[in-house]
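Next come the chains, spelled out residue by residue.
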Amino acid sequence: MTEILNKLTLYWQYPFVRYALAVGVLISLCSSLLGVTLVLKRFSFIGDGLSHVAFGAMAIASVLHFTNDMPLVLLITILSAVALLRTGQNAKIKGDAAVAMISVGALAVGYLLMNLFTPSGNLSGDVCSTLFGSTSILTLTKTEVRLCAVLSVIVVAAFVFFYHKVFAVTFDESFAAATGVKTKVYNFIIAVIIAVIIVLAMNLVGSLLISALVIFPALSAMRVFRSFRSVTICSAVFSVFCSLLGILISILAGTPVGSTIVAADIVMFFVFSAFGAFMGGVHA
Amino acid sequence: MALITCQNLCLGYDGREILHDLSFEVNSGDYLCIVGENGSGKSTLMRTILGLQRPLAGQILTGDGLRVSEIGYLPQQTPVQKDFPASVREVVLSGFEGKCGWRPFYTKAEKQQAEENIRAMGIEALSRRCYRELSGGQQQRVLLARALCATSKLLFLDEPVSGLDPRVTAEMYELIEKLNKEQSITIIMISHDIAAALRYASHILHIGDRVFFGTNAAYQESGIGTVFMKGGDVL
């Protein structure tokens, strides 16, 4: 035990470890907030789809030799998120199919572009780290950490401000629209927040594992709690806890960060499921 | 002036017309039942009046200073709600959202009003329970309490008793009648239940191949309903 503590104290002295922990906490907090809404709207896979769009956008940015690809990636991802969520229930192509189309399409086009135009010798390595986020969280710069912190604060503040509206729009969009709630505006805001979170989260777990950060906390919390507020709070705590645990284990055991976090999520999901089944649900 | 006036409405979707040249008006205090076969456009009509979709032609006028944020609505349940984690209190309070505008939180007065509406619907014992774990009748009462947070004037109900057993159905009708009589809330209700429509409504709008709008008594005299009543779609 002391050995582990010593090792952790040693690592704590390195800035990149502190950065990784800070960014990990912020991103897992943000991504858990809208998880409940996304799962219930049948958009569980939007994280996957949008992160592939972000991957495609990154490929375009690198082909065009942009030094800073963040603005372009953010813009394209936000546009896709708005297009996806706007279609809603009356669309000709339903939510899951639309997400699948965009997801696979953007991934293929992104890989194609990188393959055709990038002179880099280590293409599969680049693609792999973009998809699985294997190392990027450990190579964060101070500017990236600051940007992430600012965006996280905005996301959390926006969520608190729009909390009741998110509830109203998710629970019953027809009722909300009929009684004068500007559902289109709020759906747009939700889409923008989701896009920002996904672009942020790509740094942490890579695009393939973002869905895990969105759905595991929400589904686990829904096993145990029965009101929107308690589920939201619980999924935020769950998400932050699992990410911290995952990052610490990956540092100690030398495992890939993203997959270790998801593994922690999976284990905790089963713990919550068992607890939920045992309690028959807590009435809070 | 009438609360709602519909003039020469043509309704439909994807360019296909299902209702042609419909005109009627609803006055304050009315209890209007909209009846008709499946697919005749009852829900489309209600969604159009509520502004959820556009009419193909014609117009809908509101009078008596009625604003959108003063309309209550009891929609049919959506699949999302079947596994939504929400307490009864949270659902009822969300009825005030239309009045909030950009204000992020509910006021004290709104919270008190929500409690009162919960009490009026006789579900105060359930207010901390989870919405999805309630029975069908209890869920309808919760949604009715939410609709009352949104309105004290005009209530739209889309088949409020579908899927309920006879005893709960009767209780639901009594609650709605009480709102109409005691709080003078105008009721516009879609119903499959023609017997109940004839018993409670002051006015009937029958849509389908033949269209009728008028008072309940005139409808019974017209004989349009009798064909419909014997048509087997009585439940």
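Residues numbered from 1 in each chain as written. Chains lettered and ligands numbered in written order. Predicted model: local features only at pLDDT ≥ 70, side-chain atom pairs only at ≥ 80, totals over all residues. Heavy atoms only, no water.

Asker: Before we move on, could you go through the nonpolar core and cite the residues and values that matter?
Answerer: Among the nonpolar cores identified, the biggest contains 154 residues, and B:Leu45, B:Leu144 and B:Phe156 are the most heavily contacted of them. Setting aside anything within four residues of it in sequence, one finds B:Leu144 in contact with B:Leu74, B:Met121, B:Leu155, B:Leu157, B:Met172, B:Leu175, B:Ile176 and B:Leu179. Judged by nonpolar contacts, the second largest core, of 5 residues, contains A:Leu209, A:Ala212, A:Val262 and A:Phe269. (Core = buried A, V, L, I, M, F, W, Y, C linked by side-chain atoms within 4.5 Å. Buried < 20%, exposed > 50% of the residue type's maximum accessible area, 1.4 Å probe, protein only. Contact = heavy atoms within 4.5 Å.)

Asker: Describe unusual backbone geometry, listing the residues and the values that go with them.
Answerer: Residue and element names in this part refer to chain B. The phi angle at asparagine 8 is positive, at roughly 45°, despite the residue not being glycine. Positionally, asparagine 8 belongs in strand S1 (residues 4-13). By relative accessible area, asparagine 8 is classed as partly exposed at 43%. Positive phi values are uncommon outside glycine, yet aspartate 21 reaches one of about 50°. Inspection of the secondary structure puts aspartate 21 in strand S2 (residues 16-26). You can call aspartate 21 partly exposed: its relative accessible area is 42%. (Helix = DSSP H or I, 4+ residues; strand = E, 2+ residues; numbered from the N terminus.)

Asker: Provide a residue-level description of the sheet that holds S1(B), including the pertinent values.
Answerer: All names here are of chain B. Pairing within the open sheet is antiparallel, and its 3 strands lie in the order S2-S1-S4. Edge strands, defined here as strands with exactly one partner in the open sheet, are S2 and strand S4 (57-62). On average, adjacent strands in this sheet sit at an angle of 25° to one another, irrespective of strand direction. Bridge count between S1 and S2: 7 bridges; the pairing is antiparallel. The partner of isoleucine 4 across the bridge, within S2, is valine 26. (Pairing = 2+ DSSP bridges. Axes fitted to C-alpha atoms, helices over the stretch in contact; angles between N-to-C directions.)

Asker: Residue-level account of a nonpolar patch on the surface, with values.
Answerer: Residue and element names in this part refer to chain A. Taken together, the side chains of Leu10, Tyr14 and Phe16 make up a nonpolar region of the molecular surface, amounting to roughly 270 Å² of accessible area. Examined against the element boundaries, leucine 10 turns out to sit in helix H1 (residues 2-12). By relative accessible area, leucine 10 is classed as partly exposed at 45%. (Patch = residues over 30% accessible without salt bridge, like charges linked within 9 Å, V, L, I, M, F, W, Y side chains within 5 Å. Areas by Shrake-Rupley, 256 points an atom, 1.4 Å probe, with all protein chains shown as cover. Salt bridge = Lys/Arg side-chain N within 4 Å of Asp/Glu carboxyl O.)

Asker: How would you sum up the pattern of salt bridges? Please name residues and give values.
Answerer: Residue and element names in this part refer to chain B. Within the structure shown, the criterion is met by 11 salt bridges over all chains. Residue lysine 153 pairs with glutamate 70 through a salt bridge whose shortest N-O separation is 3.4 Å. In this pair, lysine 153 sits in the loop between helix H5 (136-150) and strand S6 (154-158) while glutamate 70 sits in the loop between S4 and strand S5 (71-74), placing the two residues 83 residues apart along the sequence. Residue classification places glutamate 70 among the buried positions, given a relative accessible area of 17%. Salt-bridge contacts for glutamate 177 lead to lysine 181; the nearest nitrogen and oxygen are separated by 3.2 Å. Remark: lysine 181 and glutamate 177 occur in helix H6 (residues 166-182); sequence separation between them is 4 residues, near one turn of the helix. Note on lysine 181: relative accessible area 58%, which makes it exposed. Each member of the salt-bridge network shares a partner with another, and the members are Arg67, Glu70 and Lys153.

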